[in-house]
Structure formats: structure tokens, C-alpha cells
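Residues per chain are reported as follows:
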Amino acid sequence: MPTSQKNKAILFNPVGKDNITKSRIKQFWSENGAMNVQNLTDAAQKIIYEAWEADTADGMVCLAKQALTLSPFCLDAYNILAEWDCNTHVKAITKYELSIYAGNILLKSELENDQGFFWGLLETRPYMRSMAGLAGEYKATGEIAKTIAIYERMLVLNPNDNQGIRYLLLPCLLESNNLNAAKKLLKQYDELSAFWLYSHALLAYIINDKKKSSIAKQAIKINSFIPSLLKKYTDNIGLDAHLQPIEAEYYSSGSTEEAEIYAKENFNAWFTNGGAIDWLLQLQ
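First things first, this report covers the structure right here in the doc. Just so it is clear, the model here is predicted, and its values are computed rather than measured. (Residues numbered from 1 in each chain as written. Predicted model: local features only at pLDDT ≥ 70, side-chain atom pairs only at ≥ 80, totals over all residues. Heavy atoms only, no water.)

## Quick notes on unusual backbone geometry
Working note: non-glycine residues mostly have negative phi, and peptide bonds are mostly trans. With a phi angle near 65°, asparagine 177 is a residue other than glycine that sits in the positive phi range. Here asparagine 177 is to be found in the loop between α8 (166-175) and α9 (179-188). Here asparagine 208, not a glycine, exhibits a phi torsion of approximately 60°, which is positive. Looking at where asparagine 208 falls in the secondary structure, it is placed in the loop between α10 (194-207) and α11 (212-222). Assessed through its relative accessible area of 53%, asparagine 208 is described here as exposed. (Helix = DSSP H or I, 4+ residues; strand = E, 2+ residues; numbered from the N terminus. Buried < 20%, exposed > 50% of the residue type's maximum accessible area, 1.4 Å probe, protein only.)

Structure (C-alpha cells):
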């Protein structure tokens, strides 16, 4: 890092837990300039790598806060704090919004020039994680329109969809009756997975497509556990099903783990279209 007085960086050093604001982020950028900000942010990101290896959540949070003392442009620090240091959706949303605000400044050139292969640039990934986190918080608070807008923006930035955002967007579109967008998304990512075929079957049911039964039977052939799980949530959980944590990180095609992930993420879309789950069960 340059050591001359002209190029000397001004550390952020927030004095309180929650005193980072958009105006302070903007001021930090103006006082330091792009090069110093990038250098400080790179140093802060190294602390984040340590945080991800921490033995406890408290240790991870402590390191994330330490990273922010170097740079308020360390986006993954906000991501950690939103997930592990916020006890309400509102607080988590604030952290993610600050991260995205900082990212819009830090990654201005990439956002303008690198759409389409955004995830391929390592420096953009914290920003994409912030977007995914914010969308998830909006969904948890019932702000489906905001959730959809973020997910759609993410697929413009990264149509290869390394994060699997399409699987989160599609049930939001179906739940909100945004059927034209759902059709477009299904066509954009044409695949024969249980996630895609079951949601395709639901769309076919909603619009009374003559191929709805054949699509559903194809989905059941890939994973036969999903219909009964959807029915289970109807009987025992209701509209709060999507708030339950998904514990399985890895799954194989046709497995009960795959069925649980699909059912928990897509239950509301099925439940809000009366009769769809019973129709699906009749085809088994």
C-alpha cells in the first residue's frame, strides 16, 4: 500500500456496533480513493477467510467486525453479520442493504461491463452472496415482489446461475401468479430435474395444459417422495413451511433429501393453488 501522505489510507474504525451508514461508506470512498479502498478491502477479505474457519459463531462475528474496521467495503463481513449477528429480519435486511450499497460503489465498472459472466470474477461473489441473502430475507417477510426483482437481476448478471437462483425464483413466480415470467424461466433453463419438472407440472396445472399429467408423471418418476411431503406440510405445517430450515446441503437425484429441499422451498406455490397437491397425489 502506498505510504506517502497523499496516498495514505484512512482506516474506517467504526466506534460502535451498528454505526455504519451509507453516508459514512460514501465518505470513506471519497477520503481514500479507489486504489486505497481496494487495498484495504483485500486485506479485510483475508480476515473473512479466517472467519469462515472460526470454530464458533461468536468467533466468526468478531472477525467480521474486525474486517469492517479496515474497510466498510468488505461485503462478506456484512453477510456474516446478517446471518449470525442479527436476531430479526429487519436487522439482517439493513446489513445486506449496506453491503449492496457499498458493492454498487466498489463494483461500478463490473456491474456496467461484466453482466453475463459476473460470477466468473472472484471479486463479485460477495456481492452476489449479499443479493441472495437480501432476497431470502425479503421472502421471509413476505415481500415477494422485492424478492423476485433481486433474483431476476442476479440471473441477468450471471445467467449461468452458479448459485441455483432459478430454483428459488420459480416458486416465487408461481406463488405470485406471475405465470408469463414462470414460462419464460422454465424455457430459459430447460432441464429434467425434479425441481424443474415438478414446478413445470404445477404451472401446467394452473393453466390447465393438456400435458399436465404427463409432465407430473415424469416428475414423479424422478422423485416419488415429493407429493407425500407436500401433503404432509398441508396437514401439519401450513403456510409457515417455507420458514423451516433446510438442513441437507447435499443430495442425490430421487432422494428424500432432494424431496425435502424441494417441498420446503416450493410448498407455498403448491398450497396457494387449491387442489394442486391432491391432483399430484392422484397421479402416483
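## Here's the deal with the layout of surface pockets
There is about 320 Å³ of room inside the second largest pocket. Along the wall of the second largest pocket there are 17 residues; nearest its centre are Asp42, Gln45, Leu122, Glu123 and Pro126. Among the secondary structure elements, those contributing two or more residues to the lining of the second largest pocket are α1 (22-52) and α6 (125-140). Considering every element that reaches the lining of the second largest pocket, the biggest residue donor is α1, with seven residues. Partitioned by chemical class, the residues of the lining of the second largest pocket number eight nonpolar, three polar and six charged. (1 Å grid on protein atoms, 1.4 Å probe; cavity = no way out; pocket = protein on both sides within 12 Å on 5 of 7 lines; lining within 4 Å. Points joined across faces, edges and corners; volume = space filled by probe spheres on them. Nonpolar A, V, L, I, M, F, W, Y, C, P; charged D, E, K, R; others polar.)

## Considering the nonpolar core
Membership of the largest hydrophobic core comes to 89 residues, with the highest contact counts inside it found for Tyr127, Tyr198 and Trp270. No other element matches α10, which puts nine residues into this core. (Core = buried A, V, L, I, M, F, W, Y, C linked by side-chain atoms within 4.5 Å.)

## Thoughts on α9
Looking at α9, one finds that the buried residues are Leu179, Ala181, Ala182, Leu185 and Leu186. End-on view of α9: buried residues confined to an arc of 155°, all on one side of the axis. Facing away from the buried side of α9, by more than 90 degrees, are the exposed residues Asn180, Lys184 and Lys187. (Arc of directions from axis to C-beta.)

## What about the side chain of serine 255?
Inspection of the secondary structure puts serine 255 in the loop between α12 (226-236) and α13 (256-271). On the accessibility criterion, serine 255 (10% relative accessible area) is buried. Setting aside residues no more than four positions away along its own chain, serine 255 makes contact with Asn223 and Phe225. (Contact = heavy atoms within 4.5 Å.)

## Section: the packing of aromatic side chains
Summed over all chains, the structure comprises twelve aromatic pairs. Between phenylalanine 118 and tyrosine 127, the ring centres sit 6.1 Å apart and the planes meet at 70°, which makes this aromatic pair edge-to-face. On the basis of relative accessible area, phenylalanine 118 is assigned to the buried category, the value being 0%. Centroid distance tyrosine 198 to tyrosine 262: 5.7 Å. Interplanar angle 40°. Geometry classified as tilted. Of this pair, tyrosine 198 sits in helix α10 while tyrosine 262 is found in helix α13, placing the two residues 64 residues apart along the sequence. The exposure class assigned to tyrosine 198 is buried, which follows from its relative accessible area of 0%. What makes tyrosine 262 buried here is its relative accessible area of 1%. Clustering of aromatic rings is evident, with ring pairs tying together Tyr167, Tyr189, Phe195, Trp196, Tyr198 and Tyr262. (Phe/Tyr/Trp six-rings, centres within 6.5 Å; stacked < 30°, edge-to-face > 60°.)

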